[in-house]
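Analysis of the macromolecular model
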Amino acid sequence: MEQKIQLKESDIPRQWYNLAADLPTPLLPPLGPDGKPITPDMLAPVFPMNLIEQEVSAERWIDIPEDILNILYRWRPAPLKRAVYLEKYLETPARIYYKDESYSPPGSHKPNTAVAQAWYNKEFGIKKLTTETGAGQWGSALAFACQLLGLECKVFMVRISFDQKPFRKIMMQVWGANCVASPSNETNAGRKVLEEMPDTPGSLGIAISEAIEEAVTDTSGTTRYSLGSVLNHVLLHQTIIGLEAKKQLEMAGEKLPDIVIGCAGGGSNFAGLSFPFVADKINGADIKIVPVEPTACPTMTRAPFAYDFGDTACTTPLLAMYTLGHAFIPPPIHAGGLRYHGMAPLVCQAIVEGLLEPRAYHQLDSYNAAMTWVKTEGAIAAPETSQALAAVIEEAKKAKEEGKEKVILFNYSGHGLMDLSGYDAFLSGELVDYELPEEELQKYLQDLEKLPKAEKRKSGKW
Ligand SMILES: Cc1ncc(COP(=O)(O)O)c(C=O)c1O
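Residues numbered from 1 in each chain as written. Predicted model: local features only at pLDDT ≥ 70, side-chain atom pairs only at ≥ 80, totals over all residues. Heavy atoms only, no water.

1. Points about the layout of surface pockets
Each pocket or cavity is described by its volume, and for the largest pocket that value is around 830 Å³. If you go around the largest pocket, you meet 41 residues; those closest to its centre are Pro 30, Ile 38, Leu 43, Pro 317 and Leu 319. When contributions to the lining of the largest pocket are tallied by element, the ones reaching two or more residues are α9 (204-216) and β13 (318-322). Here the lining of the largest pocket is composed, by residue class, of 32 nonpolar, eight polar and one charged. In this structure, the second largest pocket encloses a volume near 260 Å³. Forming the boundary of the second largest pocket are 15 residues, of which Lys 192, Val 193, Glu 196, Thr 312 and Ala 313 lie nearest the centre. If you list the elements that add at least two residues to the lining of the second largest pocket, you get α8 (188-196) and α9. Class assignment of the residues belonging to the lining of the second largest pocket gives a composition of nine nonpolar, four polar and two charged. (1 Å grid on protein atoms, 1.4 Å probe; cavity = no way out; pocket = protein on both sides within 12 Å on 5 of 7 lines; lining within 4 Å. Points joined across faces, edges and corners; volume = space filled by probe spheres on them. Helix = DSSP H or I, 4+ residues; strand = E, 2+ residues; numbered from the N terminus. Nonpolar A, V, L, I, M, F, W, Y, C, P; charged D, E, K, R; others polar.)

This is the structure:
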């Protein structure tokens, strides 16, 4: 039995898969400040038109330009691996497979869309991209892509991660990007937050506001903003993961997985792996599909489905999603990439439909799972990925109890070699579990009362 299932470069998927084409109930439209659906041209100051077209596309398959594939070949197709040592340790009859996205130069799935976004922006004549980053994985992925494509890159990094992960900042600088801590003094949005909360650890919502402001205030018109998750086109670019995995599972002699698992911050790595299998489920397959989040930031498991802004300064269109409220300041847990207040609308609509079964784990559950992974498979997982590992181990134990040979597939979204301060805190016993108190959640949700309501529409099939 092969532990690594490798595709040839010539077998790489040549189209991305768009779940919007197959969802039984369409997404609710993004709304503008007047409460009316926005039109594509309203997004033009923020994104290039070629990406806006992808954002609103209802086409099932979208061709991947050859130039983008030529850059992705640096690490793609990514291997599908079988976690044989973990299986043995758990004495489970389950067969556990994972896509190893830690193979990319910045160390996660994020470059799959960073390269695509940088390429489309360049095609459109853009010279500079701005963005936010939580854990630093996304910022370093965009820095990497911008360097390869000759674009300037400015990254607003959430203050707590900026302090916890200095090496991520250096990676971005090595790839030629300018990285500042957010909130910063460089934007109106940042200065306003600093006046009110000088000691804030920051949030992705604040950093997004800063990055958008910097892009739209560039009077040359050659700067745009780039988002590392949440939006339809970002999830689209990540589907190369699941499409590769399908071919690789077949090579391993498997039909479909019984369980698909991914951690979800804004939803992109989870969607990238799972959406091609969500399509199978829509067509009748029996697959349990599980997005995983931290109990400290329980967007999918405890928040309402509502219209909300994507950022703290309320500059983005209103998106229909599960949301903790745009003012949410997450507790400083180590899974920095899982601290966003909202969730990708496509993932949310699939939850509303009953196609997905979201789940939350405590921080200590995920670090314990990561330590089991280190002990068996040997690799040091990103704290975000460790949330998925907690679910994988729980499902593998369940398969043992039930005596069932389940096929579990998950996304190993990144390595944790730049996240060692979290492991340090875990090993020295400093880490504690945190569950968002209900009063605090209700306080953040008050902001949603003034906004349009989002109707939960579903076909009732699942
Ligand atoms: C390694 C890793 N996994 C997962 C995530 C979560 O993001 P998303 O839900 O967009 O995949 C991040 C975000 O920074 C990350 O760095």
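2. Considering the packing of α8 against α9
At their nearest, the axes of α8 and α9 sit 7 Å apart, and the two run at 145 degrees to each other. On the side of α8, the interface is formed by Asn 188, Ala 189, Gly 190 and Val 193, while α9 contributes Ile 206, Ser 209, Glu 210 and Glu 213. Taken together, the residues that form the contact of α8 with α9 break down as three nonpolar, three polar and two charged. (Axes fitted to C-alpha atoms, helices over the stretch in contact; angles between N-to-C directions. Contact = heavy atoms within 4.5 Å.)

3. Re the site of the ligand
Not every one of the 18 residues close to the ligand is listed here, only the nearest: Ser 229, Gly 265, Ser 268, Asn 269 and Ser 413. Within the backbone of Gly 267, an N or O atom sits 2.8 Å from an oxygen atom of the ligand. At a separation of 2.8 Å, an oxygen atom of the ligand approaches a polar side-chain atom of Asn 269. When the ligand is considered free in solution it has 390 Å² of accessible area, and contact with the protein chains removes 97% of it. If you map the ligand onto the pockets, it falls in the largest cavity. Those elements giving two or more residues to the shell around the ligand turn out to be α12 (268-282) and α16 (383-402). Looking at the shell around the ligand residue by residue, the class counts come to four nonpolar, twelve polar and two charged. (Near = heavy atom within 4 Å. Polar contact = N/O pair within 3.5 Å; in protein donor to acceptor, adjacent residues only side chain to side chain. Areas by Shrake-Rupley, 256 points an atom, 1.4 Å probe, with all protein chains shown as cover. Sits in = over half its atoms within 2 Å of the grid points.)

4. Things to note about the nonpolar core
Grouped burial of nonpolar side chains is what soluble globular proteins tend to show. Counting residues in hydrophobic clusters, the biggest one holds 123 residues, and the most contacted among them are Trp 16, Ile 68, Tyr 225, Phe 275, Val 347, Leu 356 and Leu 409. Excluding its chain neighbours within four sequence positions, the residues that come into contact with Leu 409 are Leu 80, Tyr 97, Ala 245, Leu 249, Pro 257, Ile 259, Val 260, Ile 261, Leu 273 and Phe 277. Grouped together as the second largest cluster of nonpolar side chains are 36 residues, Val 290, Ala 390, Ala 399 and Leu 431 included. (Core = buried A, V, L, I, M, F, W, Y, C linked by side-chain atoms within 4.5 Å. Buried < 20%, exposed > 50% of the residue type's maximum accessible area, 1.4 Å probe, protein only.)

5. Some words on the packing of aromatic side chains
Aromatic ring pairs are defined here through the distance separating the ring centres and the angle between the ring planes. Under the definition given, this model contains 14 aromatic pairs. Seen in terms of ring centroids, Tyr 98 and Tyr 412 are 5.6 Å apart; in terms of plane orientation they differ by 55 degrees. Their pairing is tilted. Taken together, the positions of Tyr 98 in strand β5 (residues 95-100) and Tyr 412 in strand β15 (residues 407-412) put the pair 314 residues apart, joining distant regions of the chain. A relative accessible area of 6% means that Tyr 98 is categorised as buried. Here Tyr 412 falls in the buried class, since its relative accessible area comes to 2%. Among the aromatic residues, those joined into a cluster by ring pairs are Tyr 98, Trp 373, Phe 410 and Tyr 412. Lying across the ring of Phe 277, Lys 246 places its NZ or CZ 5.4 Å from the centre. The aromatic ring of Tyr 444 is capped on one face by Lys 443, whose charged end is 4.8 Å from the ring centroid. (Phe/Tyr/Trp six-rings, centres within 6.5 Å; stacked < 30°, edge-to-face > 60°. Lys NZ or Arg CZ within 6 Å of the ring centre and 35° of its normal.)

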